[in-house]
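The primary structure of each chain is shown beneath.
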Amino acid sequence: MIELSHVSKSYKIQKKTGWFRSETQMKCAVKDVSLSIGRGEIVGYIGPNGSGKSTTIKMMSGILLPDEGTIRVNGVDPFYQRKQNGRNIGVLFGQRSQLWWHLKLEDTLNLLRHMYDIPDAQYAARLSMLRKTLSLDEFWGQPIRQLSLGQRMRGELAAALIHSPSILYLDEPTIGMDVIVKESIRDLLKLIHQRDGITILLTTHDLEDVERICSRVIVISHGQLCFDGSMARLREQCASDSTVTILFASETPELPDQLRNVKKEGKRVTFTINRAMGESPLLAETISRNIVRDIAISEPPVENVIRDLYEGVGQ
Amino acid sequence: MKRLKWFFKLCSMSLSMCWRGYISYMGWSALVHGIGLMIGYLGEYVVLYTMIRNFNTLGGFSGLEVCFLYALGLTTYALGNVHTRKFWRMDELVLRGRLDMYLVRPVSPLLQLFTEDLQVGYLSHLILGVGSMLLVKHMTGLTWSAVQWLLFVYALLAGGMLMGGISLLLTPLSFWWGESGAVTWLVRHDVRYAIRYPVTIYPKLLRGLLLVLPYAFVNYYPCLYLLNKSDSPFAAGYVLLTLPVGILVNIVFVLFWRVGLKRYSSAGG
């Protein structure tokens, strides 16, 4: 569906060195990135600011031309066959609106119908589906400028999906939203994915988005891919500690010597293990040697996992 | 043919949306704004007319004739800039990456930019401009042949095309400089003040400039013919020349835009 092979992209940066003189420097935004996304996948594409996320999405959607490497989206070169590519993809920029500010959503959708040459019957069916799924009737008669952020984002989604694209790019779709609205947008994305079987690629800084909706996560840092896999594997791979709390039957449990950060509080003992470093057997050993009343394992916050990953590549 | 029908449908949809957006946003103040603009421009006529009455004539033009010249400039400006608003803030598009949105749709980005912000408020310019030209014609007792009427309409449309082209011509500079507002403002707006007077009053160098940035074709040459100021048998040719010059300027703009768009690297993130 989406194929990138050895894609690189640099920007020219003018650096002032004097009153009139300036030096041109090349800043590498994306370096030798290869990846492949199959039909119907939901992929979270994450990385710190300036890591090359947006650059990659812009190359995939035909806005930018890569310096090196090739990109195929549905078998089409997104830059040179921009118009053809435009029919296959829907794009939502979380920080920009494509809706007509002073008019109702219906007006924008109607204009898009004309731009994409959507046949009447198809448009009617699609529109009624989107109205139901995205609960558009709630604000159907209001101009966009009167909508809340959550409502507007539903409108943006409708505009990005009205031409039934097979791929949806979302650039920070939940930015600036409160927890409840974020949650509803996530649910909607999942619902649309189920209904349409659409391929979704989303960038975000909120890892909750990725955890909740993505089956696969790709991490980019300093222009290079540093992880590609499931969220569970991401956790495993990163050397972050999990905290284990066990309530033992006795006040003097038998503990292996290698346990780290042990804190005792009567029958309650807290320690840390690191799965990535093969410490899981230690936990098993601790449990098998004692009578255990209760056990709680708290995973490292996913932010820590990601931070480790980002920093790992930078070194 | 189908493509042409599609194009006109797009234009009419956009026009309707821009109009409704304008009314919804401005409400009754749209009317007040329109009337206010007209009063402002009427003031300009009074100043021009009074000034030239003191000189008797200016570059061979009487006070009323200069008003006609001015009105032709105003009308073609309004006609020609109906679709150029998005380009006045090219820095928004280029530096902030707002252009991205137009590049992911299966329609030419230029066409989208042209139709997204049509200046329906220019209706007041048109009413005033055409109205005052007809008034001057009546007051000076000018009589037009059928051909002259035809060429009057032609001069408005072709002049509009030329004015629009001139407004757009330098905007792709933004792709290199990021900001081009100052230069394009100068070309679009300030030079417009120069062509309210007959170009013959200017020193040669300046006159040359008004020919190079082909402002003289917008109103001066058409006026020579429409006001019967020229004895030349080729006077009608001056008017006819406006269209080819207009087309040329627009073609140069489109080519310049295409080169710029290739450079467009959008706002990184």
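All values reported here derive from a predicted model rather than from experimental measurement.

Chemist: How should I be thinking about the interface of chain A and chain B in this particular structure?
Modeler: Accessible area lost when the parts come together is the quantity often used to give the size of an interface. Residue-level contacts link 32 residues of chain A with 32 residues of chain B. If you sort the residues of chain A by the area they bury against chain B, W100(A), H114(A) and M115(A) come out on top, with a joint share of 23%. Taken together, the links from chain A to chain B amount to 3 salt bridges. A salt bridge links K58(A) to D100(B); the nearest nitrogen and oxygen atoms lie 3.4 Å apart. Inspection of the region where chain A meets chain B yields 11 residue pairs in polar contact (both at pLDDT 80 or more). Listing elements by their share of the side of chain A that touches chain B, those giving two or more residues are α1 (53–60), α2 (82–88), β5 (89–93) and α3 (105–115) of chain A.

Chemist: In this structure, what is going on with the sheet that holds strand β2 (residues 22–37) of chain A? I would like to understand it.
Modeler: Pairing between the strands of a sheet comes from backbone hydrogen bonds, and it takes one of two forms, parallel or antiparallel. Residue and element names in this part refer to chain A. Spatially, 3 strands are ordered β2-β1-β4 in an open sheet, and the strand pairing comes out antiparallel. Two strands in the sheet have a free side with no partner beyond their single neighbour: β2 and β4 (68–73). The sheet shows a mean angle of 35 degrees between the axes of neighbouring strands, direction not considered. Two strands pair when backbone bridges link them, and strand β1 (residues 2–16) and β4 are joined in this way by 5 bridges, in the antiparallel orientation. Within β4, the position partnered with I2 by the bridge is V73. Of the strands in this sheet, β1, β2 and β4 touch α1, which is tilted by about 120 degrees from β1.

Chemist: What's the story with helix α5 (residues 149–161) of chain A in this structure? I'm lost.
Modeler: An α-helix turns once every 3.6 residues. As a result, residues three or four positions apart point the same way. Residues and elements named next belong to chain A. Under the 1.5 Å per step criterion, the end-to-end length of α5 is 18 Å for 13 residues, consistent within 8% with the ideal 18 Å. Among the residues of α5, those classed as buried are G150, Q151, R152, M153, R154, G155, E156, L157, A158, A159, A160 and L161. In this fold, the buried residues of α5 make contact with β5, α3, α4 (120–133), β6 (167–171) and α6 (179–196).

Chemist: When you look at the domain arrangement of chain A in this model, what are you seeing that I'm missing?
Modeler: Domain annotation for chain A reports domain 1 (2–236) and domain 2 (241–299). For domain 1 of chain A and domain 2 of chain A, the distance between their C-alpha centres works out to 44 Å.

Chemist: When you look at empty space enclosed by the protein in this model, what are you seeing that I'm missing?
Modeler: Picture a little ball the size of a water molecule; that probe, rolled over the atoms, points out where space is still empty. Scanning the model with the defined rule gives 2 cavities of 30 Å³ or more in all. Each pocket or cavity is described by its volume, and for the largest cavity that value is around 130 Å³. Forming the walls of the largest cavity are 17 residues, and the residues nearest its centre are V91(A), Q98(A), M101(B), V104(B) and R105(B). Of all elements in the fold, only β5 and α5 of chain A reach the threshold of two or more residues within the lining of the largest cavity. The biggest single contributor to the lining of the largest cavity is β5(A), with 5 residues. Considered class by class, the residues forming the lining of the largest cavity number 10 nonpolar, 4 polar and 3 charged. Considering only enclosed or pocket space, the second largest cavity measures out at about 60 Å³ in volume. Those elements giving two or more residues to the lining of the second largest cavity turn out to be α3 of chain A together with α7 (109–116) of chain B. When residues in the lining of the second largest cavity are grouped by element, the largest group, 4 residues, is from α3(A).

The rules we used
Residues numbered from 1 in each chain as written. Chains lettered and ligands numbered in written order. Predicted model: local features only at pLDDT ≥ 70, side-chain atom pairs only at ≥ 80, totals over all residues. Heavy atoms only, no water. Contact = heavy atoms within 4.5 Å. Buried area = accessible area lost by both parts, 1.4 Å probe. Salt bridge = Lys/Arg side-chain N within 4 Å of Asp/Glu carboxyl O. Polar contact = N/O pair within 3.5 Å; in protein donor to acceptor, adjacent residues only side chain to side chain. Helix = DSSP H or I, 4+ residues; strand = E, 2+ residues; numbered from the N terminus. Pairing = 2+ DSSP bridges. Axes fitted to C-alpha atoms, helices over the stretch in contact; angles between N-to-C directions. Expected span 1.5 Å × (residues − 1). Buried < 20%, exposed > 50% of the residue type's maximum accessible area, 1.4 Å probe, protein only. Domains from an automatic or database assignment. 1 Å grid on protein atoms, 1.4 Å probe; cavity = no way out; pocket = protein on both sides within 12 Å on 5 of 7 lines; lining within 4 Å. Points joined across faces, edges and corners; volume = space filled by probe spheres on them. Nonpolar A, V, L, I, M, F, W, Y, C, P; charged D, E, K, R; others polar.

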